[in-house]
Amino acid sequence: MKSQQLRAAWVDFFVGKQHKLLPPASLVPHELATTLFTIAGMEQFVPVFLGEQPAPAPRVVTVQRCLRVAGAKSDIESVGRTGRHGTFLEMLGNFSFGDYYKREAIAWAWEFVTGVLGLDPGRIYVTVHLSDDEAERIWTDEIGLDRSRVTRFDEENFWTMGATGPCGPSTEIFYDLGAQHASGPDDTGPNRGDRYLEIWNIVFQQYNRSADGELAELPRKSIDTGAGLERILAVCNGAASMYATDLFTDLVAAQPPIGRTALAAAEQRVRQNIIADHARAVTFLLNDGIYPSNTERGFVLRFIIRRAIRNGKLLGYPDGFLTDLVPAVVASLESGYPELRENIARIQSALRNEEENFERTLDRGMAMLDRIIEDAIAQRGGAINGEEAFVLHDTYGFPVELTREIAGERGATVDTVGFDRLMDEQRERARRDAAAKRDVVALADVPAIATEFTGYDEGLEADGEVVAVLRDSLAVPALGAGEEGTLILDRTSFYAERGGQIGDRGVITAGSSTSAVQGRFEVLDTQYMGSAIAHHGRVIEGEIATGQRVHTAVWAWWRREIRRQHTSAHLLQRALKDVLGEEVNQAGSWVGIDRMRFDFRWPGGALTDDQKRAVAHRVNEMIRDDAHLVTRVLPLEEARRTGAIWMAGEKYGELIRVVQAGPSIEFCGGTHSHSTGELGVFVILSEFSIGSGIRRIESCVSQAAEAYIDKQTALVGSLSAALATAPDELGDRVERLQREVKDLQTSLGQLKARLADADAQTYVEKAERNGERTFVGAVVHEANGEALRHLGHAIRSRLPSGVVALAGIDNGSVSLLISASDDLVKAGVHAGNLMKLAAPLVGGKGGGQGPMAQGGGKNVQGADAALRAVRDAVLA
């Protein structure tokens, strides 16, 4: 059986059981998830299990991509070495949300395994939770499984996604691979070794575990099935290892021929398996909009890429082999994930860039690591300290996990505690940024509500009801005048920050139009809190209480300027693709009232002036066309067929807002102008790099652009007046001034050299001597570092042997210069060491080599003492 056939058989079977097929979620879980990546098929349904969102259907079937490389579910150490562990896997899932329960779930599992797949019933064993008499009875009395094939466990049969969240007892199906795969004489049943392979897990979701460990009943009992496609595929093909299936054999075959290697044949295949697994993971992470970085998900991706590259080097593979493997991954998986083919160019571009970056430092990093390991084994019992691991990470891009793995292969260990201590400062900033994106209010303190946003259809104003009031993150009945807090409404015209567009501001008023105002609340920010829209601000009059009817009113100027800036982001992306090519892909954006920031992936480096002008011209051309914006709400697949641009990694619902602004068509849930002409004019403020292969453009339109142009026009006018030059001739006038300044600097330098030459003889005549050593020292007023160099050179030309020490005082600071002749350097005199004596006396520092050293400080009064210290050291 091929992987494509198994995927199709799963979907067809459960669709035949009235299940609705849903598309898989991204590897990036929803914003309130407790996991870094999607690790289970049920993860996208957590809000449904908790009763916070309605079920998409009573019965659902999915094929979910998952990544297990960090945290409790990580299999990274076993990847490629056992036949059952991988970082990237596909989880076959069928779900019931308060519909069927244990009887049907178990019966259908048995029917699929024995009937559809044709697996031998005599080799099937199951486990149930210690307390689950009902599940055992169904297996034995209704399915007919012999009691000797049913085993009870405690923790092994209680499934949790993490420390908190939905959980419950489970029943698992195991397949007997045969006595030849037993781990030992005690391997006589499930969970005792490698002989019995788990292929199916049915979780009876009935509890929600809180942060304090307490279990509370879920609103309804549900079924959550997870069946590993890779393991089932192996069993269906009579193999004990998933690496013997087409999912991996095709990728091993696509790898380059093995070159020079010291690895044994068996270990070579392990390394090929690791590369095949990692290539699958890397391809899907990039497909889902995750890119290499030094924080969170990007850090994990970078680690996987570099781990794969390192294994390739051990096999003698050429540079760039991992990028070249992407088409094989796509060919293997595209039947289940057709979007891979659409994104292959973007995936390869990002991966190639990361490969090239790492390969530039890999050889030097490995050479350093080899020395560190040798020294650690020879001198410290194999212990690599945290500082050494940190240098490898910071200088050569070696993730500490990779350093630890390589060291472990050679019998050394890494002080990860010391490494973590050195990383704390760098990581703290990333932690603060990540924490700022998550609301501090616990969802448990807020009613489970999805606020209706009315701004698309009803404009700036709406009527609603206050369903929750929060102060200092805690629910309170009301807020009084002057108090700050948060209001959650059932309906609102305020747009909550999302997709880079900042939240709306305005006023919420309590009281009907026929009665006096009961309260007025100024909204200073609007954010999402789960599916609820939270209005942060302060009460400026009266009182706002839970249950009150309120009227929401967004400030018109605020919304107007934001939607114009937001629309410019659409036009800019279209212009970038038109000018630079379709390989441009959005990496992020931020939209405010006075500017817009657009981040994009572009392998071509900094934009030239001509390219920036062409991009701005194209945007303004679209603005002048004054195209009316058209918004359509379409099912996801229909929306994709429009050819609209959509961001990889974004999580989209079943219905998508597709916004067309002239030639620009994008998925977007933000607010937009009515026509492109509203934007007025587009101006690029800056363009620069924010990371490897990522550029940022800051720009503005509308009133902000007008203000910017006015300011630049005024600046040009004042410069023209000051330089007595017409505006059109300013460039030529500045060039002439620059040439004149350069000529003057050259003349000044020549003058200083002549003056220094004249002064040099005077200083040499005052030289002090002790035996064969000569010292010339002087404090020179109104002399900076450059003047000292001229003077030092002039003195040295008249003093073939000796030490010259000069202190120049200029604008409240001291410049130091020390030079030693070649004969004294050979005799042991070192200008750099002499500088270490002098610089602290002027409150500064400095350094250099034997013949020459420079330094400086701010303590002018210490200049004489600094020279005396040098004199005493030389003449002593």
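Residues numbered from 1 in each chain as written. Predicted model: local features only at pLDDT ≥ 70, side-chain atom pairs only at ≥ 80, totals over all residues. Heavy atoms only, no water.

**Student:** Requested: an account of the overall build of the protein, with residues and values cited.
**Tutor:** Helix and strand content of the protein: 24 helices and 34 strands. Reported as C-alpha extents along the three principal axes, the dimensions of the protein are approximately 115 × 85 × 50 Å. Within the span of the protein, comprising 876 residues, buried residues form 50% of the whole. Taking all contacts inside the protein whose residues are at least 6 apart in sequence as the whole, residues at least 24 apart take part in 67%. About 39100 Å² of surface is accessible on the protein, with carbon and sulfur atoms providing 49% of the total. The positive charge centre, built from 95 side chains, and the negative charge centre, built from 120, are 4 Å apart in the protein. (Helix = DSSP H or I, 4+ residues; strand = E, 2+ residues; numbered from the N terminus. Buried < 20%, exposed > 50% of the residue type's maximum accessible area, 1.4 Å probe, protein only. Contact = heavy atoms within 4.5 Å. Areas by Shrake-Rupley, 256 points an atom, 1.4 Å probe, with all protein chains shown as cover. Lys, Arg positive; Asp, Glu negative; His and termini not counted. Charge placed at Lys NZ, Arg CZ, Asp CG, Glu CD.)

**Student:** Residues and numbers for the pattern of salt bridges, please.
**Tutor:** Under the counting rule described, the total for this entry stands at 46 salt bridges. For the salt bridge of Glu354 with Arg302, the shortest nitrogen-to-oxygen distance reads 2.8 Å. Residue Glu354 is found in helix α11 (residues 344-379), and its partner Arg302 is found in helix α8 (residues 296-314); the two are separated by 52 residues along the sequence. Glu354 sits in the buried class, given a relative accessible area of 2%. A salt bridge links Glu354 to Arg306, with the shortest nitrogen-to-oxygen separation between them at 3.1 Å. (Salt bridge = Lys/Arg side-chain N within 4 Å of Asp/Glu carboxyl O.)

**Student:** Outline the sheet that holds strand β26 (residues 664-667), listing residues and values.
**Tutor:** Strand pairing in a sheet is mediated by backbone hydrogen bonds. Such pairs are either parallel or antiparallel. The antiparallel open sheet is built from 3 strands, whose spatial order is β24-β25-β26. The open sheet has two edge strands, β24 (630-635) and β26, and neither has a second partner. Here the average twist between neighbouring strands, direction ignored, is 25 degrees. The pairing of strand β25 (residues 655-661) with β26 spans 4 bridges and is classified as antiparallel. Residue pairing across strands places Val658 opposite Phe667, the latter belonging to β26. Relative to the sheet, helix α16 (residues 556-580) contacts β25 and β26, its axis offset from that of β26 by approximately 115 degrees. (Pairing = 2+ DSSP bridges. Axes fitted to C-alpha atoms, helices over the stretch in contact; angles between N-to-C directions.)

**Student:** Residue-level account of the side chain of Gln548, with values.
**Tutor:** Here Gln548 is to be found in the loop between β20 (532-545) and β21 (549-554). At 2.7 Å, the side chain of Gln548 forms a polar contact with the backbone nitrogen of Ala545. (Polar contact = N/O pair within 3.5 Å; in protein donor to acceptor, adjacent residues only side chain to side chain.)

**Student:** Quick rundown of the pairing of β25? Include the residues and the values.
**Tutor:** Where β24 lies against β25, 6 bridges are found, and the strand directions are antiparallel. Bridge pairing in β25 links Pro635 to Leu655.

**Student:** Give a detailed account of the side chain of Arg559, specifying residues and quantitative values.
**Tutor:** As for its placement among the helices and strands, Arg559 is situated in helix α16. Classification of Arg559 as buried rests on a relative accessible area of 4%. Excluding anything up to four places from it in sequence, Arg559 contacts Phe453, Gly455, Gly459, Leu460, Ser493, Phe494, Tyr495, Asp504, Val554 and Thr671.

**Student:** Before we move on, can you summarise the nonpolar core with the specific residues and values?
**Tutor:** If you look at the biggest cluster of nonpolar residues, it comprises 112 residues, and the most contacted ones within it are Trp10, Trp139 and Trp200. Broken down by element, this core gets its largest block of residues, 12 residues, from α11. Setting aside residues no more than four positions away along its own chain, Trp139 makes contact with Ile106, Trp110, Val126, Val128, Gly144, Leu145, Val150, Thr171 and Ile173. Formed by 30 residues, the second largest nonpolar core is a distinct cluster that contains Val591, Leu607, Cys668 and Leu679. (Core = buried A, V, L, I, M, F, W, Y, C linked by side-chain atoms within 4.5 Å.)

**Student:** For the sheet that holds strand β29 (residues 768-770), give the residues involved together with the corresponding values.
**Tutor:** With mixed pairing, the 6 strands of this open sheet are ordered in space as β29-β30-β31-β32-β34-β33. In this open sheet, the two strands that pair with only one neighbour each are β29 and β33 (845-848). When the angles between neighbouring strand axes are averaged without regard to direction, this sheet yields 15 degrees. Two strands pair when backbone bridges link them, and strand β31 (residues 803-810) and strand β32 (residues 813-820) are joined in this way by 8 bridges, in the antiparallel orientation. Bridge pairing in β32 links Asp810 to Ser813. Helix α21 (residues 785-798) rests against β30 (773-781), β31, β32 and β34 (852-857) of the sheet, and its axis sits at about 155 degrees to β31. Along the sheet, helix α24 (residues 863-875) contacts β29, β30, β31 and β32; its crossing angle with β30, the most-contacted strand, is approximately 175 degrees.

**Student:** Give a detailed account of helix α23 (residues 831-838), specifying residues and quantitative values.
**Tutor:** Taken together, the buried positions of α23 are Ala831, Gly832, Leu834, Met835 and Ala838. The buried side chains of α23 occupy one side of the element, clustering within an arc of 160 degrees when seen end-on. Taken together, the buried residues of α23 touch β31, β32, β33, β34 and α24. (Arc of directions from axis to C-beta.)

**Student:** Can you explain the packing of helix α9 (residues 321-333) against α11? Please cite residues and give values.
**Tutor:** Direction vectors running N to C along α9 and α11 enclose 155 degrees, while the axes themselves pass 8 Å from each other. Taken together, the axis directions place α9 and α11 in an arrangement best described as roughly antiparallel. In terms of crossing hand, the pair formed by α9 and α11 is right-handed. Here Phe321, Leu322, Thr323, Val326, Pro327 and Val330 of α9 lie close against α11, whose contacting residues are Ile344, Ile347, Gln348, Leu351, Arg352 and Glu355. (Parallel < 35°, antiparallel > 145°, perpendicular 65-115°, else oblique. Left-handed = near helix turned anticlockwise from the far one by under 90°.)

**Student:** Explain the packing of α8 against helix α13 (residues 400-409) residue by residue, including any values.
**Tutor:** Close contact between α8 and α13 brings their axes to 10 Å; oriented N to C, the two are set at 35 degrees. Contact residues: α8 offers Phe299, Phe303, Arg306, Arg307 and Arg310, while α13 offers Glu401, Leu402, Glu405, Ile406 and Glu409. Across the contact of α8 with α13, the residue classes break down as 4 nonpolar, no polar and 6 charged. (Nonpolar A, V, L, I, M, F, W, Y, C, P; charged D, E, K, R; others polar.)

**Student:** Tell me about the packing of aromatic side chains, and name the residues and values.
**Tutor:** To describe a pair of aromatic rings, you give the distance between the ring centres and the angle between the ring planes. Enumeration over the complete set of coordinates arrives at 26 aromatic pairs. On the basis of an interplanar angle of 65 degrees and a centroid distance of 5.2 Å, the ring pair of Tyr317 and Phe321 is categorised as edge-to-face. Each residue in the set Trp10, Phe13, Phe14, Phe112 and Trp200 is aromatic and connected to the rest through ring pairs, giving one cluster. Against the face of Tyr291 rests Arg601, its NZ or CZ located 2.9 Å from the ring centre. (Phe/Tyr/Trp six-rings, centres within 6.5 Å; stacked < 30°, edge-to-face > 60°. Lys NZ or Arg CZ within 6 Å of the ring centre and 35° of its normal.)

**Student:** Can you lay out the confidence of the model for the protein for me, pointing to particular residues and giving the numbers?
**Tutor:** Per-residue confidence for the protein gives a mean pLDDT of 88; residues scoring 70 or more make up 94%. Low pLDDT, under 50, characterises residues 433-445; the predicted model gives this stretch 19 contacts beyond four residues in sequence or across chains. (pLDDT = per-residue confidence, 0-100.)

**Student:** Explain unusual backbone geometry residue by residue, including any values.
**Tutor:** Its identity is not glycine, yet Asp626 carries a phi of approximately 50 degrees, on the positive side. By secondary structure assignment, the location of Asp626 is in the loop between α17 (609-624) and β24. On the accessibility criterion, Asp626 (44% relative accessible area) is partly exposed.

**Student:** With reference to specific residues and values, describe the environment of Val414.
**Tutor:** As for its placement among the helices and strands, Val414 is situated in strand β11 (residues 413-414). Taking relative accessible area as the criterion, Val414 reaches 13% and is therefore assigned buried. Taking C-alpha positions, Val414 is 9.7 Å from Ala376, a pair spaced 38 residues apart along the chain. Setting aside residues no more than four positions away along its own chain, Val414 makes contact with Ile384, Ala389, Val400, Thr403, Arg404 and Ala407.

**Student:** Give me the environment of Leu315: which residues, what numbers.
**Tutor:** Locating Leu315 in the fold gives a position in the loop between α8 and α9. Exposure remark for Leu315: the relative accessible area of 0% places this residue in the buried category. Sequence separation between Leu315 and Arg271 is 44 residues, and the spatial gap between their C-alpha atoms is 7.7 Å.

**Student:** Lay out a negative patch on the surface with the relevant residues and their values.
**Tutor:** A contiguous patch of negative charge on the surface is contributed by Asp728, Glu729, Asp732 and Glu735. Along the polypeptide, Glu735 turns up in helix α20 (residues 730-765). (Patch = residues over 30% accessible without salt bridge, like charges linked within 9 Å, V, L, I, M, F, W, Y side chains within 5 Å.)

**Student:** How would you explain the environment of Leu21 if you had to name every residue and give the values?
**Tutor:** Its place among the elements puts Leu21 in strand β1 (residues 20-21). For the pair Leu21 and Asn201, spaced 180 residues apart in the sequence, the C-alpha separation amounts to 19 Å.

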